[in-house]
Amino acid sequence: MRALRKPANSSPNFGAAHFAAAGVYRQRGDRNQVARHLRAYELYKGFDAPVEDPLWEKVADLNMGWLAHLRRAIYFESTGDLASAAAANEKALELDPALVQAHVNLVSLYGRMGDAAKAEQHFRDGLALNPNRDDLYYNHGVLLFELRRVRAAKIAFERALAINPYNGKAQTNVGYILQTEGRLQESKAMLEKAVQNVPDSRVAHFHLARVLIHFNRLAEGIQHLEKTLSPEDGETPTYLYALAAAYARARRTDQALRYAYRARDLASAHKQSQLLVSIGRDIRKMEQARR
């Protein structure tokens, strides 16, 4: 058994190793270890495999049935091939109809593919197998939110939190919904929990910053916005723009313009035309104010 634990322990940020370890422990009936490794998988599932890790290969070889298909699904999802990822999860379910993780995955995959009916069916099937999976409720909440069923989504996220009070992604989404409802103190409290549980979540820092800025706690809001700037991707122009606006509100025009210029350049690089119009308008205002 010690050899089975080594791949995940020696590569703690390799999500697939945790998923494989969870499969082994599931066969052995160790529910606590299954839950622990599945939580780690959710946290690190986007991370690459370690180079030349023979221990990982031993774990992978332990189960080449449903586990092999789930591993393929992880790969396909990482490449953006959601249809192939869904097909691999469906194949895993053919081999083991009691595989709740596949249902959890398929709720998310079919939701992102725009097939709400299939996503809903997998939510119900997963729930029948295990009603105590916070990730199942979370993925269902995301589906409902995308369908504009915001109140139902909030209930789903709250059910996820009732099962796992440390689910930072669910806390982020509840905090955002509370913000849209105008319940800003409650939103702030929820988002503060979120950034504690998922300190690398740019979305959590962004929404908490917005609430803090509303309460005129500008320095704190700016600190949280600064944590959204890495990695640099298509979301970065929006975060830079928000940071520029926060500095402008704090009457620190030079810093505001510095971030606004960066936001403009990146928005242009990503061909975000509507955002470019807004940034350009605010840059002109800030430049006039500085004169």
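As a reminder, the structure under discussion sits directly above these lines.
Scope of this entry: the structure provided in the associated data block. (Residues numbered from 1 in each chain as written. Predicted model: local features only at pLDDT ≥ 70, side-chain atom pairs only at ≥ 80, totals over all residues. Heavy atoms only, no water.)

### Regarding the packing of helix α5 (residues 66-78) against helix α6 (residues 82-95)
Line of reasoning, step 1. Two elements in contact, α5 and α6, have axes whose closest approach is 8 Å; the angle formed by their N-to-C orientations is 170°. Between α5 and α6, the interaxial angle falls into the category roughly antiparallel. Where α5 crosses over α6, the two elements pack in a sense that is left-handed. Each of Trp66, His69, Leu70, Arg72, Ala73, Phe76 and Glu77 in α5 lies in contact with α6, whose residues at this interface are Leu82, Ser84, Ala85, Ala88, Asn89, Lys91, Ala92 and Leu95.
Line of reasoning, step 2. Of the residues contributing to the contact of α5 with α6, the split by class is 9 nonpolar, 3 polar and 3 charged. (Axes fitted to C-alpha atoms, helices over the stretch in contact; angles between N-to-C directions. Helix = DSSP H or I, 4+ residues; strand = E, 2+ residues; numbered from the N terminus. Parallel < 35°, antiparallel > 145°, perpendicular 65-115°, else oblique. Left-handed = near helix turned anticlockwise from the far one by under 90°. Contact = heavy atoms within 4.5 Å. Nonpolar A, V, L, I, M, F, W, Y, C, P; charged D, E, K, R; others polar.)

### Here's the deal with the pattern of salt bridges
Opposite charge on two side chains permits pairing when their charged atoms draw close.
Line of reasoning, step 1. Overall, the coordinates contain 10 salt bridges when judged by the stated rule.
Line of reasoning, step 2. The closest approach of N and O atoms between arginine 264 and aspartate 265, which form a salt bridge, is 3.8 Å.
Line of reasoning, step 3. Aspartate 265 sits in the partly exposed class, given a relative accessible area of 48%.
Line of reasoning, step 4. Through salt bridges with shared partners, one network takes in Lys154, Glu181, Arg183 and Glu186. (Salt bridge = Lys/Arg side-chain N within 4 Å of Asp/Glu carboxyl O. Buried < 20%, exposed > 50% of the residue type's maximum accessible area, 1.4 Å probe, protein only.)

### Comments concerning the side chain of threonine 236
Line of reasoning, step 1. Structurally, threonine 236 can be placed in helix α15 (residues 236-249).
Line of reasoning, step 2. Aside from chain neighbours lying at most four places away, what touches threonine 236 is Arg202, Leu229, Pro231 and Leu266.

### Details of the nonpolar core
Line of reasoning, step 1. Core analysis: the largest hydrophobic core is formed by 25 residues, its most contacted members being Leu225, Leu229, Leu240, Leu243, Tyr247, Tyr259 and Ile279.
Line of reasoning, step 2. Secondary structure elements with two or more residues in this core: α13 (202-214), α14 (218-226), α15, α16 (253-269) and α17 (273-290).
Line of reasoning, step 3. For leucine 240, the contacting residues outside a window of four places in its chain are Leu229, Tyr259, Arg262, Ala263 and Leu266.
Line of reasoning, step 4. One finds Trp66, Ile74, Ala85 and Ala119 within the second-largest nonpolar core, a separate group that totals 21 residues. (Core = buried A, V, L, I, M, F, W, Y, C linked by side-chain atoms within 4.5 Å.)

### Digging into the packing of aromatic side chains
Here the distance between the centres and the angle between the planes together describe a pair of aromatic rings.
Line of reasoning, step 1. Summed over all chains, the structure comprises 6 aromatic pairs.
Line of reasoning, step 2. Ring centres 5.7 Å apart and planes at 55° place the aromatic pair tyrosine 75 and phenylalanine 76 in the tilted group.
Line of reasoning, step 3. The ring of tyrosine 259 has arginine 258 sitting right over it, with the charged end atom 4.7 Å from the ring centre. (Phe/Tyr/Trp six-rings, centres within 6.5 Å; stacked < 30°, edge-to-face > 60°. Lys NZ or Arg CZ within 6 Å of the ring centre and 35° of its normal.)

All quantities given are derived from atomic positions and should not be read as evidence of function.
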